[in-house]
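# Topology and contacts: notes
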Amino acid sequence: SYSMNSAHTKLKREGVEVNFARTTTGDGYYVWNRDTGSYPNLDLLTFFVLVLIDNAAARSQSAVGTVPLIRAGFHVGSLYELSQAEGINPTVFSYIVGDVTIELARLLDDAEPGGIRLGDFTSCLPDEADRQSGPSDFLTRCRHELLEMKGLKVADRSIDNLELLDWSTGGASARSIERTDKHGMPHTVHSVGLSVDLGDMNLELGVRERL
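A count of helical and extended segments in the chain gives 4 helices and 12 strands. Relative to the compact-globule value of 17 Å for 211 residues, the chain shows a C-alpha radius of gyration of 17 Å, a close match. By principal-axis analysis of the C-alpha atoms, the chain measures approximately 50 × 45 × 40 Å. Per-residue burial for the chain yields a buried fraction of 44% across its 211 residues.

Structure (structure tokens):
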């Protein structure tokens, strides 16, 4: 939760406004973008990656056990949002249901702690309305977006470099992974691995999947 707020503030300073909302799943969060279109999809992925980098940096600098090792998934799909006011309290809480929440649950069902997964989606990237792009294209564009933000800092260090690991989707030896969920339904999973240079600190994010 802290990393989400931190990432949102950093991106806003860079002119990227992510209109995100979140709700608890009991053992984690659903986070979604209330805006629609190609830019919001890419902006949400950029936000997602920055949250994971912030979390990893905080974990590397903290006492053992104080910052959680999380598993995370990103997907593009349809959803419905329910906004509900609690009695006379003006605070409004939102919940989401829909195909994308089902896919995310299946996506993370057997993910290891520290694992990062993308669903098998297609959508249009900004300025490419004439073709559909997949997870690898989105992740590559997200990397470029973050590296172009010269003032962006995590843990008081600039992001000097961000590379996709060889086995990661978008990497030289990437392979999609086929998984069968508890209901016997097949799902294609794209695993993410990142190497991040923050000044004198190097972080590796993601878990290499067993094929």
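Back to the text.
Looking now at the sheet that holds strand β12 (residues 201–205). Read across the sheet, 4 strands follow the order β7-β8-β11-β12 without closing on themselves; strand pairing throughout is antiparallel. Looking at strand neighbours, the two that pair on one side only are β7 (153–154) and β12, the edges of this open sheet. Taken together, the 5 bridges between strand β11 (residues 194–198) and β12 define a ladder with antiparallel strand orientation. Each bridged residue has a counterpart across the sheet, and for D197 the counterpart in β12 is N202. Sitting on the sheet, helix α2 (residues 38–61) touches β7, β8 (157–164), β11 and β12, and the angle it makes with β12 is about 120 degrees.

Of note in this structure, D127 is not a glycine but carries a positive phi near 65 degrees. Within the chain, D156 stands out as a residue other than glycine whose phi angle is a positive 65 degrees. Within the secondary structure, D156 is located in the loop between β7 and β8. Take D156: its relative accessible area is 76%, and that puts it in the exposed class.

Attention now goes to helix α1 (residues 2–13). End to end, α1 covers 17 Å across 12 residues, agreeing with the expected 16 Å (1.5 Å per residue, within 8%). Taken residue by residue, α1 has S3, M4, S6, A7, K10 and L11 as its buried positions. An end-on view of α1 places all buried positions within 165 degrees of arc, on one side of the element. Residues of α1 that are exposed and point more than 90 degrees away from the buried face comprise Y2 and R13. At its buried positions, α1 is contacted by β1 (20–24), β2 (29–33), α2 and β7.

In the structure shown here, the tally under the stated rule is 12 salt bridges. With a shortest N-O distance of 2.7 Å, R117 and D110 are connected by a salt bridge. What makes D110 partly exposed here is its relative accessible area of 41%. If you follow the salt bridges from partner to partner, you end up with D110, R117, R179 and E209 in one network.

What follows is about a nonpolar patch on the surface. Among the surface-exposed residues, L82, F93 and Y95 lie close enough to one another that they form a single nonpolar patch of about 270 Å² accessible area. Take F93: it is sitting in strand β5 (residues 92–97). On the accessibility criterion, F93 (36% relative accessible area) is partly exposed.

Before going further, it helps to examine the sheet that holds strand β9 (residues 177–180). Strand order in the open sheet formed by 4 strands is β3-β6-β10-β9, and the pairing between neighbours is mixed. Taken across any chain shown, the strands that pair with only one partner, and hence form the sheet edges, are β3 (72–74) and β9. The mean inter-strand angle of the sheet, taken between neighbouring strand axes irrespective of direction, is 40 degrees. Of the strand pairs in this sheet, β9 and strand β10 (residues 186–191) are connected by 4 bridges, and their pairing is antiparallel. When the sheet's bridge partners are listed, I177 is paired in β10 with V189. Lying over the sheet, helix α3 (residues 99–108) contacts β3, β6 (116–118) and β10, oriented at roughly 140 degrees with respect to β3.

Reading the values: the criteria
Residues numbered from 1 in each chain as written. Predicted model: local features only at pLDDT ≥ 70, side-chain atom pairs only at ≥ 80, totals over all residues. Heavy atoms only, no water. Helix = DSSP H or I, 4+ residues; strand = E, 2+ residues; numbered from the N terminus. Rg over C-alpha atoms; globule rule 2.2 N^0.38 Å. Buried < 20%, exposed > 50% of the residue type's maximum accessible area, 1.4 Å probe, protein only. Pairing = 2+ DSSP bridges. Contact = heavy atoms within 4.5 Å. Axes fitted to C-alpha atoms, helices over the stretch in contact; angles between N-to-C directions. Expected span 1.5 Å × (residues − 1). Arc of directions from axis to C-beta. Salt bridge = Lys/Arg side-chain N within 4 Å of Asp/Glu carboxyl O. Patch = residues over 30% accessible without salt bridge, like charges linked within 9 Å, V, L, I, M, F, W, Y side chains within 5 Å. Areas by Shrake-Rupley, 256 points an atom, 1.4 Å probe, with all protein chains shown as cover.

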